[in-house]
Amino acid sequence: MFRIRFSVWIAALLLVVVPWAAAPARAAMCAPCTSASLSAEEQALWQQIVTARAAAGLTTLMIDASTTTLARDRSADMARYHLFGHTSSGGTTFLDLMPEYGLTWQLASETIERNDYADPAREAARGLIASPDHHAILFDSRYRIGGVGSAVGDDGFHYFTIIVIEP
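Residues numbered from 1 in each chain as written. Predicted model: local features only at pLDDT ≥ 70, side-chain atom pairs only at ≥ 80, totals over all residues. Heavy atoms only, no water.

Chemist: Explanation requested: the overall build of the chain in the structure shown.
Modeler: Summing up its helical and strand segments, the chain has 5 helices and 5 strands in all. Ordered by position from the N terminus, the helices and strands of the chain form the series β-α-β-α-α-β-α-α-β-β. Looking at the 167 residues of the chain, the share that counts as buried comes to 50%. Considering only contacts in the chain between residues 6 or more positions apart, those separated by 24 or more positions represent 78%. Accessible surface computed for the chain: about 7800 Å², of which carbon and sulfur atoms make up 59%. (Helix = DSSP H or I, 4+ residues; strand = E, 2+ residues; numbered from the N terminus. Buried < 20%, exposed > 50% of the residue type's maximum accessible area, 1.4 Å probe, protein only. Contact = heavy atoms within 4.5 Å. Areas by Shrake-Rupley, 256 points an atom, 1.4 Å probe, with all protein chains shown as cover.)

In structure tokens:
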């Protein structure tokens, strides 16, 4: 049986610089998730990114509950509506949504990936790390906080979102 394998990567070079003085206070920004609160796919993808960053001599990204919730919601929206892009079904981007999740930032980026491979998290990590644009985002030493989300569409594709932030 022939099965088409499909994997697409779009770079989210949506870098937003907000002057530190203009950024709102980050009261509950860094409420960390535990590895137990991540799904198996989210944990696998996150661990591969963190391990690759460590191998490159970078500090570990701290996983953040609010950022992870936003990443999960972005993945769920893509899976539900069979969309693959940085604009949601409602016409918003992750940057538009960040304040609703209590997130403040000086610099923020989103990377997305979808595939239907047998080991989707491993393939997502491989693709994101191999892509020059995604690599530039995920290995940017300015990012210290992040979140990861995954969802599976009724089309069988796994949709992944990683959001990284410099608060």
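Chemist: What exactly am I supposed to notice about the packing of aromatic side chains here?
Modeler: Two descriptors summarise a pair of aromatic rings, namely the distance from one centre to the other and the angle between the planes of the rings. A full pass over the atoms with the stated rule returns 0 aromatic pairs. The ring centre of Phe157 lies 5.1 Å from the NZ or CZ of Arg114, which sits over that ring. (Phe/Tyr/Trp six-rings, centres within 6.5 Å; stacked < 30°, edge-to-face > 60°. Lys NZ or Arg CZ within 6 Å of the ring centre and 35° of its normal.)

Chemist: Explain the pairing of strand β5 (residues 158–166) to me, please; I cannot follow it from the model alone.
Modeler: Consecutive side chains along a regular strand alternate between the two faces of the sheet. Burial within β5 is extensive, with 9 of its 9 residues counted as buried. Alternating positions in β5 separate into two faces, His158, Phe160, Ile162, Val164 and Glu166 on one and Tyr159, Thr161, Ile163 and Ile165 on the other, with burial throughout. Bridge analysis of strand β3 (residues 107–115) against β5 gives 9 bridges, and the strand direction is antiparallel. Note on β5: the bridge partner recorded for Leu107 is Glu166. Pairing geometry for strand β4 (residues 145–152) and β5, over 8 bridges, is antiparallel. Across the sheet, the residue bridging to Gly146 is Val164, located in β5. Hairpin connection from β4 to β5: 5 residues lie between these consecutive antiparallel strands, with Gly156 at a positive phi of about 85 degrees. (Pairing = 2+ DSSP bridges.)

Chemist: I keep staring at the pairing of β3 and nothing clicks. Help me out?
Modeler: Within β3, 9 of the 9 residues are buried, which leaves the element mostly enclosed by the surrounding structure. Burial along β3 is two-sided: Leu107, Ser109, Thr111, Glu113 and Asn115 and Ala108, Glu110, Ile112 and Arg114, pointing in opposite directions, are all buried.

Chemist: I tried to follow unusual backbone geometry on my own but got confused; where do I start?
Modeler: Trans is the prevailing form of peptide bonds, just as negative phi is the prevailing case for residues other than glycine. Backbone geometry places His82, a non-glycine residue, at a positive phi of 55 degrees. Following the sequence through the fold, His82 ends up in the loop between α2 (65–81) and α3 (94–97).

Chemist: Is there a simple way to explain the pattern of salt bridges in this structure?
Modeler: Pairing between side chains of opposite charge can happen when their charged atoms approach one another. This structure, assessed with the given rule, holds 4 salt bridges. Close ionic contact of Asp140 with Arg142 constitutes a salt bridge, the shortest N to O distance being 2.6 Å. A relative accessible area of 41% places Arg142 in the partly exposed class. (Salt bridge = Lys/Arg side-chain N within 4 Å of Asp/Glu carboxyl O.)

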